[in-house]
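# A look at the structure
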Amino acid sequence: MCSTFEDFVSALKSKITLWILAIICICASVVMIAFTFSKPFFGPQLGGDCWRITDSDYCTKDLALYYSPWRALIKRQGCPDEVEFSCPFPESNTILRAVSLCLIFIMGVNTIVLSCYKQEATIRKAIGPVMFLLSACMFAAFCVDANRVRIGNTLCNDGFKVTLRTESGNQDFRIAPVGEGITESVTCSPGPFVGLLFGNLGLSFTCFVLFLSAILQGGTQDFVNIWLRLRSCLKTRMGVVTVAAINISLAILGIVISNTFPIGRQQNVDDSSDCGGRIPDCETYEFWIPYQFDVKLKFNGFDRNCSFSCPFPTTNFTFRMVILSLSLFSSLVVLVLGILNMFEITIVKIAGWWQVALAGAAFGAMCIDSDSLRVGTEICFNNFELSGTKFYDWSGAEEDFTCKPEVFGVMVATDLFVCFFLWAHFIGLTTYHDADVFLSKPSDEKKKNKEIRNVVSSSAVVQAQVVSPTPAVGHQKTDSVLPLGWEARSDDVTGDTFYVNTMTGEQSWEPPL
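Small disclaimer: the values here were computed from a predicted structure and weren't measured.

### Some remarks on the pairing of strand E12 (residues 497-501)
Counting buried residues along E12, four of its five residues qualify, which places the element largely inside the surrounding structure. In terms of strand pairing, strand E11 (residues 486-490) meets E12 through five bridges, oriented antiparallel. Residue pairing across strands places Ala-488 opposite Tyr-499, the latter belonging to E12. In the sheet, E12 pairs with strand E13 (residues 507-508) via two bridges, with the strands oriented antiparallel. The residue bridging Tyr-499 from the neighbouring strand is Ser-508, located in E13.

### Comments concerning the state of the cysteines
As enumerated under the stated definition, the model contains two disulfides in all. Between the sulfur atoms of Cys-156 and its disulfide mate Cys-188 the distance is 2.1 Å. One disulfide, between Cys-156 and Cys-188, carries an S-S torsion of -105 degrees and so falls in the left-handed class. Of the two residues, Cys-156 is situated in helix H5 (residues 120-157) and Cys-188 in strand E5 (residues 184-188); the sequence distance between them amounts to 32 residues. In this structure Cys-188 comes out as partly exposed when scored by relative accessible area, which is 21%. The cysteine Cys-367 is free of any disulfide, with Cys-143 supplying the nearest cysteine sulfur at 4.7 Å. What makes Cys-367 buried here is its relative accessible area of 5%.

### Side note on the nonpolar core
Counting residues in hydrophobic clusters, the biggest one holds 35 residues, and the most contacted among them are Trp-70, Trp-288 and Phe-293. Of all the secondary-structure elements, those providing two or more residues to this core are helix H3 (62-65), strand E1 (70-76), strand E2 (83-87), H5, strand E6 (291-299), strand E7 (302-310), helix H10 (345-381) and strand E10 (398-403). Examining the composition of this core, we find that four residues originate from one element, E6, more than from any other. Leu-12, Met-107, Leu-134 and Phe-193 belong to the second largest nonpolar core, which has 28 residues in total.

### Observations concerning the side chain of Thr-206
Tracing the backbone shows Thr-206 in helix H6 (residues 191-215). Look past the residues within four positions of Thr-206 in its chain and what remains in contact with it is Leu-21, Ile-24 and Cys-25.

### Topic: unusual backbone geometry
The linkage connecting Lys-39 with the following residue, Pro-40, adopts the cis geometry, with an omega of 0 degrees. For Pro-40, the location among the structural elements is in the loop between helix H2 (15-36) and H3. At the junction of Ser-68 and Pro-69, the peptide bond is cis and its omega measures out at 10 degrees in the coordinates. Checked against the element boundaries, Pro-69 lands in the loop between H3 and E1. Phi is positive for Lys-118, which is not a glycine, with a value near 55 degrees. You can see Lys-118 is positioned in the loop between helix H4 (91-116) and H5.

About the cut-offs
- Residues numbered from 1 in each chain as written.
- Predicted model: local features only at pLDDT ≥ 70, side-chain atom pairs only at ≥ 80, totals over all residues.
- Heavy atoms only, no water.
- Buried < 20%, exposed > 50% of the residue type's maximum accessible area, 1.4 Å probe, protein only.
- Helix = DSSP H or I, 4+ residues; strand = E, 2+ residues; numbered from the N terminus.
- Pairing = 2+ DSSP bridges.
- Disulfide = S-S within 2.5 Å.
- Core = buried A, V, L, I, M, F, W, Y, C linked by side-chain atoms within 4.5 Å.
- Contact = heavy atoms within 4.5 Å.

In structure tokens:
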């Protein structure tokens, strides 16, 4: 295990590895930029010549924009073959992905140039942190794009039909550019969009590995110093238990917030009130929520102040609740075992990697919640008017909107804190496992080897003491000044001193050189 880790670190420190990773990032970013600005990911929708498209600007209109992207193979009456039709990603998704890809390309080129000029310090201090941020940006793009692909594919599988409440009551809308009275069969085919999602995820991972390689260039002194300081706070039993308690508190807080107004439930659905009868079921607007707003209505000679809200979509709620519940359970187990001092090697190892998996999922939940909040806020500031249709029944009343999206920001911030402390728990658990369990004392085999060496060299030691009674100054200096990462420890049974490398797990009875 330690040998594998050492080989991995050694490979990352190589300049050749740095170049390979940088070249992969450059090539992958160029390819993905080309796909980002090509059909069906960008630009006007695709269509065929044997049947007409009712509206050439259909995909850019706000009513359809919030349900894209989607791609379908449509077989229409009178057409010999299936015709491909699609709507691209929303503009916000394209901007996030394109900016991240351009920055990855620039940083990849800079990495190679700086490496040629032997600027390892600049690579370590500048390129490394930036690549970490770009890795997070690409993972965010993956999460947001995945959510939009889910929405678009759901619309396609529902036959492009949605039921919305308008001033004239519930009304069915068909969000598809097909002619009236024409029979067609639709086969949803989101394959290209799914392929782009894997591209986002793969490039995110490559950027993270490039970040590791960059911070290891020119030596590991800076990285090891930061790592040791961070680990020293988290690797102890007290540190692990404390972070577990924080995770439990955040999980409970997140669960409570997720189920309270306005984040988790709808406001004002009482039809008997002047306000309640005017708000539709939030599930009708699942892809356009959450939002909260106050509105001042003026009708029949008097004013009425109303407050409306719709919570996060059911998909967001379910995903978040699963993550928070699993985080609560795993952190509670770690807390109890830590308090009872009953940590076992296998349990600690599994718990550490389990927490980092939950941290990635929590970051994904934050990205998806942020995207949903962006859509709901945009809808609210447009006064719920899309494609010339108003999706609230105000009975002809004049209204004055005040949108209040900031309350949903509390949930997004909670997602971020949960992600951060789950990651900290992962660091504490894995380093506690290495330093305090595996490295508690040397193996019995090493003890026997030391005893044999002592017996064989006993006469030589006595002769050395007769010739020169002065202590070995060089040996004392080696014991007191150890290389970075090494610690001197005392055996619990014999009291002898042995040496441990807390970074790699290597153990030795002899002082390291």
